[in-house]
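# Coordinates in review
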Amino acid sequence: MRNEMMYRPVLKDEIIELLRHRQPEMSGKVGKVQEEAKETGVPVIPNETATFLRFFLKQIKAKNVLEIGTAIGFSASLMIEAMGKDSHVTTIDRFDVMIRRAKNTFEQLEIEDQVTLLEGDAKDLLGTLDEPYDFIFMDSAKSKYIEFLPECLRLVKTGGVIMIDDVFQAGTVMHDIKDIPKSQRTIYRKLNQLYDTVLGNEDLSVTILPLGDGVLMISKEVDNVHLKSDKGM
Ligand SMILES: C[S@@+](CC[C@H](N)C(=O)[O-])C[C@H]1O[C@@H](n2cnc3c(N)ncnc32)[C@H](O)[C@@H]1O
């Protein structure tokens, strides 16, 4: 379950030290969940990404969030804390062990009323949703991001933001495919397809941030986004 890429940082050690360790870790009950994830080796967003996420959600005044990839509910709890009492997170996970632990987290933090945990594969569940979300956080299997993107663009409101975690593969996404081990070529291809699809698309505003193993931020600028190879959504 350990996210190896977190231990292959793309930045200088001292910058990692500043971003990951000098920025304070989360405090209170959310801090306890962060601690539990670390102690039990659950791959949750690193501290610099958590710090950014908390900051950003407050700035955009998000109230209604969709997350793909709950794990033990660390990022979902953090997002609820950042957005306040009148907010809601719908979060999806397919792994029973994580689902059990996430339910426990939400109970402990007394935020069950603010969280809807959908159990199953995002591939099957995304099509059943139709709320406009202010913000969508994709933090699941990297090879599926490109597959989930059209549904996420349908579900995010115009002017809303999709944040995608772990898009660098420690920088190997920029290597020649010949140098990529065969076992990692699907992820390599799918992440590059994701970049090709969103970068330069005039219906989107996009930026890449070197937080953790890379974060891609996509804002939906128009109601009907046209992606290469589809007829719009
Ligand atoms: C990196 S962890 C999520 C960490 C969490 N966002 C946090 O920072 O606290 C990824 C999770 O995504 C789930 N996942 C991966 N692919 C999925 C899919 N297709 N549908 C639903 N869940 C998925 C895994 O079971 C795992 O619990």
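Our subject is the structure that appears above.
What you are looking at is a predicted structure, and each value in this text was computed from that prediction instead of being measured. (Residues numbered from 1 in each chain as written. Predicted model: local features only at pLDDT ≥ 70, side-chain atom pairs only at ≥ 80, totals over all residues. Heavy atoms only, no water.)

### What to know about the packing of helix H3 (residues 47-60) against helix H4 (residues 74-83)
Running from amino to carboxyl end, H3 crosses H4 at an angle of 35°, the nearest separation of the two axes being 9 Å. Seen from above, H3 lies across H4 with right-handed handedness. When H3 is examined against H4, the residues Ala50, Leu53, Arg54, Leu57 and Lys58 are found in contact with a partner set consisting of Phe74, Ser75, Leu78, Met79, Ala82 and Met83. (Axes fitted to C-alpha atoms, helices over the stretch in contact; angles between N-to-C directions. Helix = DSSP H or I, 4+ residues; strand = E, 2+ residues; numbered from the N terminus. Left-handed = near helix turned anticlockwise from the far one by under 90°. Contact = heavy atoms within 4.5 Å.)

### Concerning the nonpolar core
Of all hydrophobic cores here, the largest spans 39 residues; its most connected members are Leu53, Leu57, Phe74, Met79, Phe135 and Met163. Within the residue set of this core, elements represented by two or more residues are helix H2 (28-40), H3, H4, helix H5 (96-108), strand S3 (115-119), strand S4 (133-138), strand S5 (156-165) and strand S7 (215-220). No other element matches the 7 residues that H4 contributes to this core. Every residue in contact with Met79, bar those within four places of it in the chain, is listed here: Leu53, Leu57, Val65, Glu67, Val89, Phe135 and Phe137. Counting 33 residues, the second largest nonpolar core, distinct from the first, contains Ile164, Val198, Leu216 and Ile218. (Core = buried A, V, L, I, M, F, W, Y, C linked by side-chain atoms within 4.5 Å. Buried < 20%, exposed > 50% of the residue type's maximum accessible area, 1.4 Å probe, protein only.)

### Side note on the environment of Phe148
Within the element layout of this structure, Phe148 appears in helix H7 (residues 145-155). Looking at Phe148, the relative accessible area reads 5%, which means it is buried. Placed 56 residues apart in sequence, Phe148 and Ile92 show a C-alpha to C-alpha distance of 13 Å. Non-local contacts of Phe148, meaning those with residues more than four positions away in its chain, are made with Ile68, Asp121, Ala122, Lys123, Leu126, Met138 and Ser140.

### Brief notes about a negative patch on the surface
A grouping of Glu107, Glu110, Glu112 and Asp113 is seen on the molecular surface, where their side chains present a negatively charged patch. Mapped onto the elements, Glu112 comes out in the loop between H5 and S3. On the basis of relative accessibility, which here comes to 41%, the residue Glu112 falls in the partly exposed class. (Patch = residues over 30% accessible without salt bridge, like charges linked within 9 Å, V, L, I, M, F, W, Y side chains within 5 Å. Areas by Shrake-Rupley, 256 points an atom, 1.4 Å probe, with all protein chains shown as cover. Salt bridge = Lys/Arg side-chain N within 4 Å of Asp/Glu carboxyl O. Lys, Arg positive; Asp, Glu negative; His and termini not counted. Charge placed at Lys NZ, Arg CZ, Asp CG, Glu CD.)

### Observations concerning the side chain of Lys142
Looking at the secondary structure, you find Lys142 in the loop between S4 and H7. Although buried, Lys142 forms no salt bridge, and the nearest oppositely charged side chain, Asp213, lies 4.6 Å from it. Of note is the side chain of Lys142, whose polar atom sits 2.9 Å from the side chain of Gln169. (Polar contact = N/O pair within 3.5 Å; in protein donor to acceptor, adjacent residues only side chain to side chain.)

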